[in-house]
Amino acid sequence: MKRGFMKDLINGETVSICLFFIGVYGLCARRNILKTIISMSIMQAAIVLYFLSSNYESTAVPPIGKNLASLERVADPLPQALTITAVVIGVSVTAVCLTMFVSMFHKYGTTNWNKVKKKRSEID
Amino acid sequence: MTLLLYYLVLAPITVGLTQYIFNRPFFKYMGLLFQFSFIVIAIYFFSIPNQLFPLVGTPLPTGMILKVDATSNLFLFLSSVLFFSLTLFSNQKKYMNKLFLFLFMSLQGLINGVFLSYDLFNAYVLIEVATITVSILIMYKKDKQSMYDGMIYLTINMIAMAFFLFGIAVLYKTTGVLDFGSLRSAIQNIEDTKRLNLSFALLFTGVSIKAAVLPLFSWLPKAHGTASAPSIVSAVLSGVFVKIGIYLLIRIQWMYMPMIDIQPLVLAIGYLTAIAGFIFAISHSDIKLILAYHTVSQIGLILIGIGGSMEIHHFGALYHVLSHGIFKSLLFIIAGVLIYRYGTRKITDMKGLWQLSKPLSILLVIAVFSITGAPFFSGGFSKYLIGYRLDDPLQKGLLMLINWGTMISFIKFFYVIIKPLEHSVDFFSVRKSEFTGMWLLAAFCIGLGTFGPLVLDHIFHVQLDYSFVDQLTKLPAYLINYLGCYLVYVYIIKDNFLLKYIRRLELSFNSINLAIVTFFIFSLVYLNQ
């Protein structure tokens with residue numbers, strides 16, 4: 001009984017919600033800028049997992065081919081299309097963030113948000 | 001017709017790219033011509049509202065469409081006017097090289113795309129790309145402080161969009177559609193409204209960060225008031241880019257409307273944001289930061305209109321989006337000119353503008369009158385609409401307080417004009433092209449105020465009995481209020497020790513994220529009540 005309950009609980013959706021908030025925790029609790037970027041990637045991954053596992057049916061057939069009307073259950077192709085776009089955007093955003101981080105590191109010489117903020121306020 | 005909408009999104013990007021590849025001065029003028037054509041199209045769209053244009057052959061809800069209605073067209077018009085006058089303003093500037101022009105024009109196409117797209121996911125993609133463009137523009141001069149400003153801007157906005165995308169995912173699971181119209185009808189068919197709460201809270205948090213409301217605005221002054229970006233970037237950010245959050249909020253509220261009603265929450269957040277914004281603005285003496293904090297305050301005012309009980313308040317909010325976009329851009333580019341000429345960002349060190357340049361002083365006065373809500377100026381008319389026939393004395397009082405706060409924080413701008421010059425400044429003359437851009441914006445400030453009822457009728461088809469004489473009768477009250485504010489400023493606020501503490505208040509990156517989480521949990525709890 002207990003085992004079945006756990007099996008129901010651990011599915012794509014709950015895992016992705018947990019992952020998303022692990023990412024949010026990383027943003028709130030870590031001062032390292034690199035870890036911030038990692039946390040953002042975790043959030044992105046969580047969203048991708050959520051998209052793919054929502055409306056998932058184990059018996060559904062991929063929507064490939066011509067005679068789809070004769071099939072009983074066809075998987076929803078839209079989340080996959082959206083996910084591909086989200087993945088591409090996520091990767092490019094991470095790349096831009098990392099590039100900015102590198103040039104910021106050259107100027108400030110630290111990976112700590114608070115130290116950067118302190119040095120920034122000294123300039124004004 | 002469909003071609004016109006493609007044109008609005010694709011033409012700026014194509015023109016920018018052509019300029020980048022061929023890099024001839026001739027293309028700069030071509031760009032201006034294109035910019036002008038966008039204004040003409042936006043004006044034309046006002047006469048044919050509510051048009052849907054398919055992007056692919058498949059019909060909704062599986063297809064994709066672009067849509068223009070009165071609301072989106074207002075934003076479109078604002079972006080076209082701003083980009084045209086700002087390009088005109090900076091046509092001869094050194095920083096207007098091929099890369100800058102490419103980024104600037106692409107940003108326009110992306111912003112137009114956000115306002116025209118009719119589904120949440122398209123809007124998400126376009127905003128994400130526009131955010132990257134903006135953060136490159138913020139870091140454009142690559143100096144030390146702009147790195148931090150750009151980084152904070154990029155990360156916080158990415159987090160906002162992560163919340164937004166997660167909201168889309170949850171909403172898609174519940175309803176199975178993504179475009180605004182189908183979502184609205186699908187949401188109305190859901191019996192258990194509790195199922196909508198999570199998606200709404202996520203989307204609401206995302207757009208609230210984008211719109212920079214009370215606990216979540218810490219990224220805005222840094223990004224909008226950054227020293228390193230050219231002033232036209234600040235003008236675009238404050239003028240139209242921050243309004244994307246407002247636009248999405250209006251759309252989301254419309255989608256969920258009968259099932260989830262958050263008017264009281266929006267109203268409360270609006271008042272708090274407006275008050276916090278002007279308090280910070282009063283405490284600062286950096287000219288760009290004053291204007292950036294004022295953007296926060298005016299966003300609050302727009303939210304007050306959106307949360308208002310009558311339909312006219314809602315139109316007032318939209319009208320304020322338009323007028324704020326224009327006068328704030330004018331203020332930002334004047335600030336840019338002043339910073340460059342005086343060689344300082346401190347407003348207390350700028351003096352004797354009337355002696356140095358009379359036209360610039362007049363432009364500054366027009367902009368300040370607009371933002372403080374003087375009759376015959378755009379801000380005055382939109383503020384009149386937002387506070388139209390308010391009965392609640394508390395709301396009336398708070399609106400008055402916000403207006404006084406705005407007046408007080410702009411007294412420093414009058415000092416710039418009036419105070420005598422102590423030592424000579426190398427104040428070389430302002431270029432003709434710069435003046436043309438500024439005068440155009442100033443003309444809009446006056447036109448949108450003096451002919452306000454006519455414009456309102458043309459855009460939203462609302463007749464309002466607010467004549468020339470009515471505006472004239474408001475003038476003495478305005479002047480008396482300003483005199484009162486001046487006295488309060490001189491005897492109470494100026495040199496107050498509290499200002500020093502307020503000025504130092506600044507959230508660190510982790511605290512901003514904590515604020516985001518708190519805001520999210522608060523809105524979830526509020527919805528589950």
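Residues numbered from 1 in each chain as written. Chains lettered and ligands numbered in written order. Predicted model: local features only at pLDDT ≥ 70, side-chain atom pairs only at ≥ 80, totals over all residues. Heavy atoms only, no water.

**Q** Would you explain the overall build of chain B in this entry?
**A** Along its length, chain B carries 24 helices and two strands. Against the 2.2 N^0.38 benchmark of 24 Å for 529 residues, chain B shows a C-alpha radius of gyration of 22 Å, consistent with a compact globule. Dimensions of chain B, computed from C-alpha atoms along their principal axes, come out at roughly 70 × 60 × 50 Å. Classification of the 529 residues of chain B by burial places 65% in the buried group. A separation threshold of at least 6 residues defines the contact pool for chain B, and within that pool the share at least 24 residues apart is 82%. (Helix = DSSP H or I, 4+ residues; strand = E, 2+ residues; numbered from the N terminus. Rg over C-alpha atoms; globule rule 2.2 N^0.38 Å. Buried < 20%, exposed > 50% of the residue type's maximum accessible area, 1.4 Å probe, protein only. Contact = heavy atoms within 4.5 Å.)

**Q** Could you clarify how one ought to interpret the overall build of chain A in this entry?
**A** Within chain A, the secondary structure is distributed over five helices and zero strands. Element order for chain A, N to C, with α for helix and β for strand: α-α-α-α-α. Across its three principal directions, the C-alpha atoms of chain A cover 70 × 40 × 15 Å. Split into buried and exposed, the 124 residues of chain A put 31% on the buried side. Put simply, of all contacts in chain A between residues at least 6 apart along the chain, 55% involve residues at least 24 apart. Across chain A, the mean location of the 14 positive side-chain charges is 16 Å away from that of the 7 negative side-chain charges. (Lys, Arg positive; Asp, Glu negative; His and termini not counted. Charge placed at Lys NZ, Arg CZ, Asp CG, Glu CD.)

**Q** Sorry if this is basic, but what is going on with the interface of chain A and chain B here?
**A** For interface size, the figure often reported is the accessible area lost on association. Across the boundary between the two partners, chain A contributes 44 residues, which contact 41 residues of chain B. Approximately 4000 Å² of surface area, both sides summed, lies buried where chain A meets chain B, with 78% of it carried by carbon and sulfur atoms. Across the contact surface, chain A and chain B share two salt bridges. Elements with a minimum of two residues in the side of chain A that touches chain B: α2 (12-29), α3 (33-53), α4 (77-108) and α5 (113-123) of chain A. (Buried area = accessible area lost by both parts, 1.4 Å probe. Salt bridge = Lys/Arg side-chain N within 4 Å of Asp/Glu carboxyl O.)

**Q** What's the story with the environment of Met147 of chain B in this structure? I'm lost.
**A** Its location among the elements puts Met147 of chain B in helix α6 (residues 144-175). Among the residues examined, Met147 of chain B registers a relative accessible area of 4% and is labelled buried. Each C-alpha atom of the pair Met147 of chain B and Val68 of chain B lies 37 Å from the other, and the pair is 79 residues apart in sequence. Those residues in contact with Met147 of chain B that sit more than four places away from it in its chain are Ser103, Met104, Lys107 and Tyr108 of chain A together with Met139 and Lys142 of chain B.

**Q** Would you explain the side chain of Thr450 of chain B in this entry?
**A** Residue and element names in this part refer to chain B. Along the chain, Thr450 falls in helix α20 (residues 432-450). Residue classification places Thr450 among the buried residues on the basis of a relative accessible area of 16%. Polar side-chain contacts of Thr450 include one of 3.1 Å to the backbone oxygen of Phe376. When neighbours within four sequence positions are excluded, Thr450 is seen to be in contact with Phe376, Phe468 and Gln471. (Polar contact = N/O pair within 3.5 Å; in protein donor to acceptor, adjacent residues only side chain to side chain.)

**Q** Would you explain helix α21 (residues 452-460) of chain B in this entry?
**A** Since the α-helix advances by 3.6 residues per turn, residues separated by three or four positions end up pointing in the same direction. All names here are of chain B. What α21 keeps buried is the set Gly452, Pro453, Leu456, Ile459 and Phe460. Mapping the buried residues of α21 onto a view down its axis gives an arc of 130°, with all of them on the same face. As for α21, its buried residues are in contact with α2 (25-47), α3 (70-89), α14 (311-342), α17 (378-386) and α20. Once α21 finishes, His461 follows within two positions and takes phi at roughly 55°, a positive value. (Arc of directions from axis to C-beta.)

**Q** Explanation requested: the confidence of the model for chain B in the structure shown.
**A** When pLDDT drops low, the exact placement of atoms in the prediction is not to be read closely. Of the residues in chain B, 100% have a pLDDT of 70 or more, and the chain-wide mean is 90. Taken together, the chains of this predicted complex give a pTM of 0.94 and an interface ipTM of 0.94. (pLDDT = per-residue confidence, 0-100.)

**Q** Whenever I open this one, the pattern of salt bridges confuses me. Can you help?
**A** In a structure, side chains of opposite charge can pair up when their charged atoms sit close to one another. All names here are of chain B. Going through the model one piece at a time under the given rule, you end up with eight salt bridges over all chains. Salt-bridge contacts for Asp69 lead to Lys67; the nearest nitrogen and oxygen are separated by 3.9 Å. With respect to burial, Asp69 and Lys67 carry one shared label: buried. Glu434 is the salt-bridge partner of Arg341, the closest N and O atoms lying 3.7 Å from each other. One end of the pair, Arg341, is in helix α14; the other, Glu434, is in helix α20, with 93 residues separating them in the sequence. Across the pair, exposure class does not vary: Arg341 and Glu434 are buried alike.

**Q** Which parts of the structure should I look at to understand empty space enclosed by the protein?
**A** Empty space among the atoms can be located by rolling a probe the size of a water molecule over them. Using the criterion set out here, one finds six cavities of 30 Å³ or more in the structure. Roughly 70 Å³ of volume is contained in the largest cavity. Along the walls of the largest cavity sit Ile37, Met40, Ser41, Gln44, Gly90, Val93, Thr94 and Cys97 of chain A together with Met158 and Ala162 of chain B, which together make up its complete lining. Elements supplying a minimum of two residues to the lining of the largest cavity: α3 and α4 of chain A together with α6 of chain B. Of the residues assigned to the lining of the largest cavity, the class counts are six nonpolar, four polar and no charged. (1 Å grid on protein atoms, 1.4 Å probe; cavity = no way out; pocket = protein on both sides within 12 Å on 5 of 7 lines; lining within 4 Å. Points joined across faces, edges and corners; volume = space filled by probe spheres on them. Nonpolar A, V, L, I, M, F, W, Y, C, P; charged D, E, K, R; others polar.)

**Q** What should I look at first to understand the nonpolar core in this one?
**A** Side chains that are nonpolar tend, in soluble globular proteins, to be buried together. Counting residues in each nonpolar core, the largest one holds 240 residues, and the members touching the most others are Phe20 of chain A together with Phe164, Tyr256, Phe413 and Met438 of chain B. The element contributing the most residues to this core is α6 of chain B, with 21 residues. (Core = buried A, V, L, I, M, F, W, Y, C linked by side-chain atoms within 4.5 Å.)

**Q** For this particular structure, what's the right way to read the pairing of strand β2 (residues 65-68) of chain B?
**A** Within a regular strand, the side chains alternate between the two sheet faces. Residue and element names in this part refer to chain B. Residues Ile65 and Lys67 line one face of β2 and the alternating positions Leu66 and Val68 line the opposite face, and both faces are buried. Relative to β2, strand β1 (residues 51-54) runs antiparallel, the two being bridged by four bridges. Considered in β2, the bridge of Gln51 is made with Val68. (Pairing = 2+ DSSP bridges.)

**Q** How should I be thinking about a positive patch on the surface in this particular structure?
**A** Together, Lys107, Lys115 and Lys119 of chain A together with Lys142 and Lys144 of chain B give the surface a local cluster of positive charge. Inspection of the secondary structure puts Lys119 of chain A in helix α5. Look at Lys119 of chain A and you get partly exposed, because its relative accessible area is 34%. (Patch = residues over 30% accessible without salt bridge, like charges linked within 9 Å, V, L, I, M, F, W, Y side chains within 5 Å. Areas by Shrake-Rupley, 256 points an atom, 1.4 Å probe, with all protein chains shown as cover.)

**Q** Mind showing me how you'd approach a nonpolar patch on the surface here?
**A** Residue and element names in this part refer to chain A. On the surface, Phe5, Met6, Leu9, Ile10, Val15 and Leu49 cluster together into a nonpolar patch covering about 530 Å² of accessible area. Broken down by element, the residue count for the nonpolar patch peaks at three residues, all from helix α1 (residues 2-9). The residue Ile10 is located in the loop between α1 and α2 in this model. Owing to a relative accessible area of 56%, Ile10 belongs among the exposed residues under this scheme.

**Q** Honestly, the packing of α14 of chain B against α20 of chain B in this entry has me stumped. Any pointers?
**A** Each pair of packed helices can be described by the angle between their axes along with the distance between the axes. Residue and element names in this part refer to chain B. Direction vectors running N to C along α14 and α20 enclose 150°, while the axes themselves pass 10 Å from each other. Seen from above, α14 lies across α20 with left-handed handedness. On α20, the residues touching Tyr319, Leu322, Ser323, Ile326, Phe327, Ser329, Leu330, Ile333, Ile334, Val337 and Arg341 of α14 are Glu434, Met438, Leu441, Ala442, Phe444, Cys445 and Leu448. In the contact of α14 with α20, the residues fall into 14 nonpolar, two polar and two charged. (Axes fitted to C-alpha atoms, helices over the stretch in contact; angles between N-to-C directions. Left-handed = near helix turned anticlockwise from the far one by under 90°.)

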